[in-house]
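# Chains, contacts and geometry: an overview
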Amino acid sequence: MLAKRIIPCLDVDQGRVVKGIRFVSLVDAGNPIEQAKRYDAEGADELTFLDITASSDKRAIVSELVRRVADQVFIPFTVGGGLGSLEDIRAVLRAGADKVTLNTAAVVQPELISLGAETFGSQCVVVAIDARRRRVASDAAKGWEVYTHGGRRNTNWDAVEWAARAERLGAGEILLTSMDADGTRDGFDVELTRAVADAVRIPVIASGGAGKLEHFYDALTLGGASAVLAASLFHFGEYKVSEVKNYLRSRGVVVR
Amino acid sequence: MSGRAAEVAIIDYGVGNLRSVEKAFAATGCEAIVSDDARVLREAKRLVLPGVGAFGACMKALGERGFDQLVLDRTAEGTPLLGVCVGMQMLFEESEEFGRTNGLGLLRGRVRRFSKELLVPQTGWNQVSQRVPHALLAGVEEGAFFYFVHSFYCEPEERDVICGETEYGTNYASVVARGAICGVQFHPEKSQTAGLCLLKNFAELAAGER
């Protein structure tokens, strides 16, 4: 049977792993190559690198990192963060990445999803959605809105509708981050995950809020996610990937 | 180029990123090269036929370089061939992707789309149950997980070419071989230990071996 996937995420700045708490404070969490190898050895099913480098030689820095990871890690890995053109996508895929995530760029120019899918295949194009629950109390305004620019800008788009549209445009997967849950360790937003998973026929990767073992179980079963992604929980060693998998296996979830 | 024939040549016909396949062979101690040079491909001891994206586009790109005939000639000589992902599908007679497209016809059978009921492409790690024994799977555990990304699957006409099966909505052939002509639907270069083991086995296959 197709296994549910556990994906450690490495937030990378200037070639170093960092982790934002609620999208703001940054704590150094180490060397990305060493972390990638460690996760690979622990049984991670994939790796995701979100690059937040803001510098003019960003593309060169990212390509070099991707190349070094690809030399040593033989599981799929995804690179995202500020990719804004077909050339950006080409550069990281050529360096050895298997997939890219498009976030702000996908909202600003949705045609980039189609262009990426037509050029490199849908399997390469992961649309990342940062979603926040609407603050209004009335039932009519329920749901989640899509934020861009690292969570700073509200598009007022409905997250579930955007996910369905991204699929129609050619996205191969949805990486869904709950901004409300991210960094809290109180659990994934299962309701959000389920709403998006029910609206698309492509895999949904749940992200944001992992703190306990049962949170992974909930996102993969109640939430209907195909995969779960977590960053700080793995970086700081609270749980190993293998511990999460052993737990899921003990509860009847198929994992590698 | 030196006069020494490559142990493994990965056929570069302009489709996909082949660097990861090359690196994975290197990790097993085998020096594989990526090449679009017909002379190199004609001399190599073993060939890898990669493939991503659309079946038709892959066949077209292969044909434009004359590598379709090259693959047929080399396999007729007994040179081991490993088709990976769409490269495996191309070994068969035809695909139902966008009407009908002809494949290389090295193996009898066709390529079909997964049911619309399923999440497509199948993305992730799935198990291979071993069927007809083949040296390609030596040392690979029964039920080992490999990394798959695909929307279409192969339906061989001859059961005896099926060396491994995988379940996704249906049981389908995920590892096929007839003599030294081999195909895998998953990506061995992205399948960690099990994938590297399979690549190492391929790099040790001799011409015409079974």
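Conventions adopted
- Residues numbered from 1 in each chain as written.
- Chains lettered and ligands numbered in written order.
- Predicted model: local features only at pLDDT ≥ 70, side-chain atom pairs only at ≥ 80, totals over all residues.
- Contact = placed C-beta atoms within 7 Å.
- Nonpolar A, V, L, I, M, F, W, Y, C, P; charged D, E, K, R; others polar.
- Helix = DSSP H or I, 4+ residues; strand = E, 2+ residues; numbered from the N terminus.
- Buried ≥ 20, exposed ≤ 12 C-beta atoms within 10 Å, placed from the backbone.
- Arc of directions from axis to C-beta.
- Core = buried A, V, L, I, M, F, W, Y, C linked by C-beta atoms within 7 Å.
- pLDDT = per-residue confidence, 0-100.
- Axes fitted to C-alpha atoms, helices over the stretch in contact; angles between N-to-C directions.
- Left-handed = near helix turned anticlockwise from the far one by under 90°.
- Pairing = 2+ DSSP bridges.
- Right-handed = clockwise from strand over helix to strand, strands pointing away.
- Parallel < 35°, antiparallel > 145°, perpendicular 65-115°, else oblique.

Here the focus is the interface of chain A and chain B. Across the contact, 25 residues belong to chain A and 27 residues belong to chain B. Tallied by class, residues from the side of chain A that touches chain B come to 10 nonpolar, six polar and nine charged.

We now examine unusual backbone geometry. With an omega dihedral of 0 degrees, the bond running from Val120(B) to Pro121(B) counts as a cis peptide bond. Position of Pro121(B) among the secondary structure elements: in the loop between strand S7 (109-113) and strand S8 (122-127). For Gln14(A), which is not glycine, the phi dihedral falls at a positive 55 degrees. Its location among the elements puts Gln14(A) in the loop between strand S1 (5-13) and strand S2 (16-21). Non-glycine residue Arg185(A) carries a positive phi angle of around 60 degrees. Note on Arg185(A): 17 C-beta atoms within 10 Å, which makes it partly exposed.

Turning next to helix H6 (residues 159-169) of chain A. Residue and element names in this part refer to chain A. The complete set of buried residues in H6 reads Ala 159, Val 160, Trp 162, Ala 163, Ala 166 and Glu 167. Projected down its long axis, H6 shows its buried positions confined to an angular sector of 160 degrees, all on one face. Count one or two residues on from H6 and you reach Gly 170, which has phi positive near 125 degrees.

Once that is clear, we can look at the nonpolar core. With 160 residues, the main nonpolar core has Val100(A), Val127(A), Ile174(A), Val196(A), Ile205(A) and Val228(A) as its most contacted residues. If near-sequence neighbours (up to four positions away) are discounted, Ile205(A) is found in contact with Ile7(A), Glu173(A), Ile174(A), Leu175(A), Leu176(A), Ala225(A), Ser226(A), Ala227(A), Val228(A) and Leu229(A).

With that settled, consider the confidence of the model for chain A. Low pLDDT means the predicted coordinates in that region are not meant to be read closely. Averaged over every residue, the pLDDT of chain A is 91; residues scoring 70 or more account for 94%. When the criterion is pLDDT under 50, residues 20-28 of chain A qualifies, and its contacts beyond four places in sequence or with other chains add up to 14 contacts.

Residues and elements named next belong to chain A. As a packed pair, H6 and helix H7 (residues 190-199) sit with axes 9 Å apart at the nearest point and diverge in direction by 35 degrees. Seen from above, H6 lies across H7 with right-handed handedness. Here Ala 159, Val 160, Ala 163 and Ala 164 of H6 come into contact with H7, specifically with Ala 195, Val 196 and Ala 199. The residue makeup of the contact of H6 with H7, split by class, is seven nonpolar, no polar and no charged.

Another point: the environment of Ala231(A). All names here are of chain A. For Ala 231, the position within the fold is in the loop between strand S12 (227-230) and helix H9 (232-235). With 24 C-beta atoms counted inside 10 Å, the residue Ala 231 sits in the buried group. For the pair Ala 231 and Gly 80, spaced 151 residues apart in sequence, the C-alpha to C-alpha distance is 14 Å.

Below, the discussion takes up the confidence of the model for chain B. For chain B, per-residue confidence averages 94 on the pLDDT scale, and 97% of positions sit at 70 or higher. Confidence estimates for the predicted assembly give a pTM of 0.93 and an ipTM of 0.90.

Let us now look at the pairing of strand S5 (residues 77-80) of chain A. Residues and elements named next belong to chain A. The two faces of S5 match: Phe 77 and Val 79 on one face and Thr 78 and Gly 80 on the other face are all buried. Pairing analysis gives four bridges linking strand S4 (residues 47-51) to S5, with the strands arranged parallel. Bridge assignment links Thr 48 to a residue of S5, and that residue is Thr 78. In this view, the connection linking S4 to its parallel neighbour S5 by way of helix H2 (residues 58-72) has right-handed handedness. When S5 meets strand S6 (residues 99-102), the two strands line up parallel, connected through three bridges. Across the sheet, the residue bridging to Thr 78 is Lys 99, located in S6.

Take the environment of Lys190(B) next. With respect to the secondary-structure elements, Lys190(B) resides in the loop between strand S14 (181-184) and helix H6 (192-203). Residue Lys190(B) is classed as buried on the basis of its 22 C-beta neighbours within 10 Å. For the pair Lys190(B) and Phe146(B), spaced 44 residues apart in the sequence, the C-alpha separation amounts to 7.9 Å. Apart from the residues lying within four places of it in its own chain, the contact partners of Lys190(B) are Phe74(A), Ile75(A), Pro76(A), Asp98(A), Ser20(B), Tyr147(B) and Gly195(B).

For S4(A), a buried count of five out of five residues is recorded, marking the element as mostly surrounded by other parts of the structure. Neither face of S4(A) is open: one carries Leu47(A), Phe49(A) and Asp51(A), the other Thr48(A) and Leu50(A), and all of them are buried.

Residue and element names in this part refer to chain B. Close contact between helix H1 (residues 19-27) and H6 brings their axes to 9 Å; oriented N to C, the two are set at 80 degrees. The pairing of H1 with H6 is recorded here as roughly perpendicular in orientation. For the pair formed by H1 and H6, the contact residues are Ala 24, Phe 25 and Ala 27 on the first element and Gly 195, Leu 196, Leu 199 and Ala 203 on the second. By residue class, the composition of the contact of H1 with H6 is six nonpolar, one polar and no charged.

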